[in-house]
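The primary structure of each chain is shown beneath.
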Amino acid sequence: MLKWLMLMGALASTASAATLTVVTHDSFDLDKALVAKFEREHDAKVRFVKAGDAGAMLSRLILTKNAPIGDVVFGLDNSLLPRAREAGILEPYKSSALANVPAKLHLDPSGLLTTVDYGYVALNYDKAWFEKKKLPLPKTLEDLATARYENLVVVQNPATSSPGLAFLLATVRHFGEDRALKWWSDMRAGGMKITRGWNDAYYTDFTRNGGKYPIVLSYASSPAAEVFYATKKLGDSPTANLLLPGSSFLQLEGVGVLKGTAHRELARAFVDFLLSPAVQADIPTRMWVYPARSGLKLADVYRFAQEPRDATSNVNGAASLVDRFTRTVMRAGR
Amino acid sequence: MTESRRALLAAPFLALLAAFLIAPLLRTLAEGGVSVGLLRDPYFQSRLVWTFGGATLSAVLAALVGVPLAWGLAGYRVRGASFLLRALLLPFVTPTLVAAMGLTALVGPRGWLKLDLSETPAIVVLGNLFFNLPLVVRLSHAAFSRVPSELEASARSLGASPLRAFARVTLPLAAPGLLAGVVLVFLYSALSFGLPYLLGGERYATLEVEVYALALLEGRLSEASALVAVQLVVTTPALLAYLRLARSTPLGVATRLPHRSAPLAVRLVLAAFLGFTLLVCFGPLVAVAAKSLLGPDGLTLAFWSGVASSDDPPLSFLLLNTVRFGVLTLIAAVALGVAFSLAAARSNVLDFVSLAPLVVSPVSLGVGFLLLYPRLLAELPLLVAAYVLLSTPLVVRSLLPALRDVPRGLLDLARTLGATPGQVLRRVTFPLVLPALRGGAALALAATFGEFAATLVLSRPEWATLSLGVAEKLSRPGERNLGEACALATLLMGLALAGFAALDGGRGDVT
């Protein structure tokens, strides 16, 4: 009888527990035990919904803003924030946990997005390929555009991919808009391949994986991931960062409360939860980005990753820039 | 069958179409309006030309290779023919990302064939052939099999040469069926999304890829709608042509049993076509399986043991979900498909309607789902509805011709002997159409495994399937991720093959 009552009690409590829907991009991953702990502490259920990569996720949130598909969104970054702000899909929340995040990593003064992690978009190169060809590495972006480095680079399209956009923004910060677009056109004329997304660039075009381009636009942490996911213990990474001045972008990834949520308190608690030390410590070797919270020790494998010093996080005018890019670089001459 | 009973049988599938196809499509077109100005842009004009030109080329090539091969398989005794026809369904279930990896492994920059086709239209056309050549072979095989062998034999005994008998008797009778297959390849290629997205780069993107980029990445819905409208303007007449052809295929159950062995010359030609088909349709799959066993230092089981020992999520979880969604969809698709086919057997309009899910832009449907059913998006019923929507037409396609071929006389005879309509259906019609139904069910299962619907709705981690597992692995850098993705993909192919063997019974009579 007691067992029976307990069972009924358990059923009743699951029925009454609120369900928090967290919209994420496809690469989101978090230790299940941590999520279970959050659920216990808040007597709630957390449901994750994956909505494509970050750009597609934002479009889906904008299309459904009158009937939001979730309560919280994780995975919008500084390059997407202007569009999200303009569309009015987020509501502000200033988490007290932000006190542990260095000010230079803060995403938005009004609290529409709270930084959870950060990473760097950077060029990677195939070390073995350059050694075999005895080709010295380029020193600058201008250098990379010379005939010597023709047909060696694969990057993603800024209009369809977030690392692509990040790279475009970095070059604009470095060159100024006109010269940056000229650089892209020159590079394209010199055989730079522009793919739609990260995984086709990395897994079909990069020389490491059977492609023909030894320089790929990826993340500064990718060489560390290569070591982590190697089949045998490696003393060194087969890839490395090519940190040309003006080529790296600081991507700040955040969590925000969706406007129209029916579970505001729970949503806010989830924002705080993502900044808790346990979650922050879980992030680096799961999603291959740095935790926003300062003072956490990184896994040893991160010695193969670098933090570029000159990376920009400036995204002013991104929307009109992409339009101009598409017109002048992608659709020109055909 | 009375009008009211026919309406009752057709209703469930029609309701599904109205809710999950027509309404979302209209909603998408209504949301942003259709801004046709985009079509004056030379960039989009060149996209248009490439999309339909590439689709035409794919269809023609598929016919040139697929039809002769199917003729040989139908007309001569070829060992392992039924296994081949069954295995030809494998490309159909292959997740696009896996197909792209396999093709790159074969004809990429460091491909095993030493022929680098990357960044050329050829690799996209090869990709279309990979997915669609099997369709032409199977459809043409069915068409040739339906031509009664006595007819050709009579022509021969009346003095016609083998070539003449073929050209004047067999070919005209099989032609509509053959052409129907070709039109279907055109339709599929013209609307294909995944392969040109991955392999076409930005130079050989199709309209559907542009629709995706405009609608879901750039937020320019009205321009996306203009492209969707262009697609409809081209695909609707093609669809009508397909139906005309499919309906004018001669009656007659697949009775022709090949018993002759082929003469040497024929054998050589057949071998060449077979070789090409095997290379295009299975080469990429073999390459992926091989990659799951090849580490940096040669053969290794590391990727397989990595997949087997993973606990987040465990392999059993992925397997179970794949099978669960497959079976759920199969049951619903067969139930809806059988009911609808019975209703559509004597109706052109219903026949046309049943094909609609195959020719409407999946991306625009996805956008329509977002606009119409935001609350339902992450619910299981919508996911299953999307799967059912895409796999039911495949059941109908297989079943309809068989139903129409059931001789009227036989049914009337059963009636006059006192059988009730229900008994006629159970005892006469059903046994006759069973092979076709099994074939259609195999295709439906294939469609689910291949997860066409996954891009339409949102996914939840607890629904992770084998093909989502593959995509997940490929979203992180590192050799182990690549190897394990290949291992999961290989497993998916094995599962699919087992499913076909169980369902299709090896007849390969799928139209």
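Nothing here was measured: the structure is a model prediction, and the numbers come from that model.

J.: Help me understand the overall build of chain B, please; the structure alone is not making it clear to me.
T.: Scanning chain B for helices and strands turns up 21 helices and 2 strands. Against the compact-globule benchmark of 24 Å for 511 residues, chain B has a radius of gyration of 23 Å, which places it among compact chains. Along the longest, intermediate and shortest principal axes, the C-alpha atoms of chain B span 65 × 55 × 50 Å. Within chain B, the proportion of its 511 residues that are buried is 58%. Relative to all contacts within chain B whose residues are 6 or more apart in sequence, the contacts with residues 24 or more apart total 83%. Split by element, the accessible area of chain B, about 19600 Å² in all, is 69% carbon and sulfur. If the 38 positive side-chain charges of chain B are averaged to one point and the 26 negative ones to another, these points end up 13 Å apart.

J.: When you look at the packing of helix H1 (residues 3-32) of chain B against helix H15 (residues 348-359) of chain B in this model, what are you seeing that I'm missing?
T.: Relative placement of two packed helices is described by the angle separating their axes and the distance separating the axes. All names here are of chain B. It is the contact of H1 with H15, at a shortest axis distance of 11 Å, that shows an interaxial angle of 45°. Classed by the angle they form, the pair H1 and H15 counts as oblique. Where H1 crosses over H15, the two elements pack in a sense that is left-handed. Residues Ala 10, Phe 13, Leu 14, Leu 17 and Leu 21 of H1 lie in contact with H15, whose contacting residues are Leu 350, Val 353, Ser 354, Ala 356 and Pro 357. Here the residues of the contact of H1 with H15 are counted per class, giving 9 nonpolar, 1 polar and no charged.

J.: Please explain the pairing of strand S8 (residues 215-219) of chain A as it appears in this structure.
T.: Regular strands place side chains that alternate from one sheet face to the opposite one. Residue and element names in this part refer to chain A. In terms of burial, S8 is a largely internal element, 4 of the 5 residues being buried. Pairing of strand S5 (residues 114-126) with S8, which is carried by 5 bridges, proceeds in the antiparallel orientation. Along S8, the bridge assignment pairs Tyr 125 with Ile 215. For strand S6 (residues 153-156) and S8, the ladder comprises 2 bridges, and the chain directions are parallel. Across the sheet, the residue bridging to Val 153 is Ile 215, located in S8.

J.: What should I look at first to understand the environment of B:Leu8 in this one?
T.: Residues and elements named next belong to chain B. By the element assignment, Leu 8 lies in helix H1. Overall, Leu 8 belongs to the exposed group, its relative accessible area being 66%. When the C-alpha positions of Leu 8 and Leu 370 are compared, they lie 30 Å apart, and in sequence the two are 362 residues distant.

J.: Can you help me understand the interface of chain A and chain B in this one?
T.: The figure often quoted for interface size is the accessible area lost as the parts come together. Opposite the 53 residues of chain A that make contact, chain B presents 58 residues. For the chain A and chain B pair, buried surface summed over both sides reaches about 5100 Å², with 50% attributable to carbon and sulfur atoms. In this assembly, chain A and chain B are joined by 7 salt bridges. Inspection of the chain A/chain B interface yields 11 residue pairs in polar contact (both at pLDDT 80 or more). Those elements giving two or more residues to the side of chain A that touches chain B turn out to be strand S2 (44-50), helix H3 (54-63), strand S7 (193-195), helix H9 (198-205), helix H10 (222-228), helix H13 (284-287) and helix H14 (318-330) of chain A. The greatest single-element share of the side of chain A that touches chain B, amounting to 6 residues, is contributed by H9(A).

J.: Looking at this structure, how should I read the pattern of salt bridges?
T.: Side-chain pairing between opposite charges can occur once the charged atoms of the two side chains come close. Applying the stated criterion across every chain, the model contains 29 salt bridges over all chains. Between B:Glu210 and A:Arg196 there is a salt bridge, with the nearest N and O atoms lying 4.0 Å from each other. Separated into two different chains, B:Glu210 in helix H10 (residues 207-217) and A:Arg196 in the loop between S7 and H9 make up a pair that spans both. Across the pair, A:Arg196 and B:Glu210 agree in class, each one buried. A salt bridge links A:Arg286 to A:Asp282; the shortest N-O distance between them is 2.9 Å. You'll find A:Arg286 and A:Asp282 in the same group, each marked buried.

J.: It is not clear to me how the nonpolar core should be interpreted in this structure. Could you clarify?
T.: Nonpolar side chains tend to gather and get buried jointly when the protein is soluble and globular. A:Leu76 and A:Leu90 are the most contacted members of the largest nonpolar core, which totals 227 residues. Counting contributing residues, this core receives three or more from each of domain 1 (1-30 + 325-461 + 489-505) and domain 2 (33-282) of chain B. Apart from the residues lying within four places of it in its own chain, the contact partners of A:Leu90 are A:Val73, A:Leu76, A:Ala84, A:Leu112, A:Leu113, A:Gly256, A:Val257, A:Leu258 and A:Lys259. Counting residues in each nonpolar core, the second largest holds 41 residues, with A:Leu181, A:Met187, A:Ile194 and A:Leu321 among its members.

Rules of the game
Residues numbered from 1 in each chain as written. Chains lettered and ligands numbered in written order. Predicted model: local features only at pLDDT ≥ 70, side-chain atom pairs only at ≥ 80, totals over all residues. Heavy atoms only, no water. Helix = DSSP H or I, 4+ residues; strand = E, 2+ residues; numbered from the N terminus. Rg over C-alpha atoms; globule rule 2.2 N^0.38 Å. Buried < 20%, exposed > 50% of the residue type's maximum accessible area, 1.4 Å probe, protein only. Contact = heavy atoms within 4.5 Å. Areas by Shrake-Rupley, 256 points an atom, 1.4 Å probe, with all protein chains shown as cover. Lys, Arg positive; Asp, Glu negative; His and termini not counted. Charge placed at Lys NZ, Arg CZ, Asp CG, Glu CD. Axes fitted to C-alpha atoms, helices over the stretch in contact; angles between N-to-C directions. Parallel < 35°, antiparallel > 145°, perpendicular 65-115°, else oblique. Left-handed = near helix turned anticlockwise from the far one by under 90°. Nonpolar A, V, L, I, M, F, W, Y, C, P; charged D, E, K, R; others polar. Pairing = 2+ DSSP bridges. Buried area = accessible area lost by both parts, 1.4 Å probe. Salt bridge = Lys/Arg side-chain N within 4 Å of Asp/Glu carboxyl O. Polar contact = N/O pair within 3.5 Å; in protein donor to acceptor, adjacent residues only side chain to side chain. Core = buried A, V, L, I, M, F, W, Y, C linked by side-chain atoms within 4.5 Å. Domains from an automatic or database assignment.

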